[in-house]
Amino acid sequence: MSLLEKINNKRIPSHIAIIMDGNGRWAKERGLNRAHGHQEGVVAVRKIVEAAIQANVKFLTIYAFSTENWNRPDDEVDALMELMVHAIVKETPDLIKQGVRLLTIGDYERLPNKTKTALKECITQTEEGSSITLILALSYSSKWEITQAVKKMMGDIQNNQLKSEDLNEELLSDYLSTKGIPDPDLLIRTGGEKRISNFLLWQLAYAELYFTDTYWPDFREEHLYKAICNFQCRERRFGKTSEQIEKEQRDKLNNL
Ligand code: FPP
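What this report covers is the structure whose coordinates are included nearby. (Residues numbered from 1 in each chain as written. Predicted model: local features only at pLDDT ≥ 70, side-chain atom pairs only at ≥ 80, totals over all residues. Heavy atoms only, no water.)

A closer look at the environment of D21
On the secondary structure map, D21 appears in the loop between β1 (15–19) and α2 (23–29). Put simply, D21 and S177 are 156 residues apart on the chain and 23 Å apart in space, counted from C-alpha to C-alpha. (Helix = DSSP H or I, 4+ residues; strand = E, 2+ residues; numbered from the N terminus.)

Notes on the packing of aromatic side chains
Applying the stated criterion across every chain, the model contains six aromatic pairs. Seen from their ring centres, Y63 and F199 are 4.1 Å apart, and the 10° between their planes marks the pair as stacked. One end of the pair, Y63, is in strand β2 (residues 59–66); the other, F199, is in the loop between β5 (186–189) and β6 (208–211), and 136 residues separate them in sequence. An identical accessibility class is assigned to Y63 and F199; each is buried. Note on W216 and F219: the rings are 5.3 Å apart at their centroids and 20° apart in plane angle, and the pair reads as stacked. F219 matches W216 in its accessibility class, with the two residues each being buried. (Phe/Tyr/Trp six-rings, centres within 6.5 Å; stacked < 30°, edge-to-face > 60°. Buried < 20%, exposed > 50% of the residue type's maximum accessible area, 1.4 Å probe, protein only.)

Comments concerning the site of the ligand
Not every one of the 18 residues close to the ligand is listed here, only the nearest: D21, G24, R25, R34 and R72. In this structure, G24 approaches the ligand through a main-chain N or O atom, which is 3.0 Å from an oxygen atom. One of the side-chain nitrogen or oxygen atoms of R34 is found 2.8 Å away from an oxygen atom of the ligand. When the ligand sits alone it has 630 Å² of accessible area, and the protein chains cover 91% of it. Of all the elements in the fold, those that place two or more residues in the shell around the ligand are α2, α3 (34–54), β2 and α4 (74–98). The element that contributes the greatest number of residues to the shell around the ligand is α3, accounting for four residues. Here the residues of the shell around the ligand are counted per class, giving eight nonpolar, six polar and four charged. (Near = heavy atom within 4 Å. Polar contact = N/O pair within 3.5 Å; in protein donor to acceptor, adjacent residues only side chain to side chain. Areas by Shrake-Rupley, 256 points an atom, 1.4 Å probe, with all protein chains shown as cover. Nonpolar A, V, L, I, M, F, W, Y, C, P; charged D, E, K, R; others polar.)

Remarks on the side chain of N198
One can find N198 in the loop between β5 and β6. In this structure N198 comes out as buried when scored by relative accessible area, which is 15%. The residues contacting N198, other than those within four sequence positions of it, are Y63, E68, Y140, S141, S142 and K143. (Contact = heavy atoms within 4.5 Å.)

Observations regarding the sheet that holds β5
Taken in spatial order, the six strands make up an open sheet running β3-β4-β2-β1-β5-β6, and their pairing is parallel. Edge strands, defined here as strands with exactly one partner in the open sheet, are β3 (100–105) and β6. Adjacent strand axes in the sheet meet at a mean angle of 20°, parallel and antiparallel pairs treated alike. In the packing of helix α5 (residues 113–125) onto the sheet, contacts are made with β3 and β4 (132–140), and the angle to β3 comes to roughly 140°. (Pairing = 2+ DSSP bridges. Axes fitted to C-alpha atoms, helices over the stretch in contact; angles between N-to-C directions.)

What is shown is where atoms sit, not what they do.
Here it is in structure tokens:
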């Protein structure tokens, strides 16, 4: 029985978020430069998008470039931006074929014009995609996103478009760049570190966290399915007790 067959189709995480870490170490261990690790990282992205579609995952968010990554050496930043433009342009026909809808979150204005153009084109061409939504977090950090949301909210309060007493969690969510996207159910971080690294801090409030030592360039469908199986073994209580969750499940079954 393949790992995909072992997955319970009724408990597929609707949204998986991934921190793709370990490209640099993967390259270093092979005596290659870091850019080579990122190139292999793109191969892994392609494989994981396909695998996620197979498993019927509806949203996949990948942390492709953080706000903090702007502090890397210029040549690495340039290589990553070039690689992304190249990959987006090359992959767009396949993304369309597979029914992928591409979205981005992050500080778009900071990106080079070439990257912005490639992204805009791919987003337009894939907007009808209905098998999965692939969200590229680019020039993204959660603290940046929350700060932007607060600024916008304060502006709307000043312009009388919003009353401060109407503020609630749902409304704040609508000011984030992930508006309309369900919160991730599962966060996967590759590369052995156990950190969130300024990624989707608000949206991950109740996500299950899964850490693996596998470097991102080595991450393949069997690793994704193992993470999904692990997710399915967890009891998601959202602050309730096990007894409450069991009763809810019994009631649900009785009402079928
Ligand atoms: C972290 O590994 C990885 C990144 C900063 C870049 C990830 C980007 C890609 C895989 C390209 C994606 C492109 C598209 C178009 C989706 P690291 O360099 O921090 O690795 P290390 O911790 O081993 O040094």
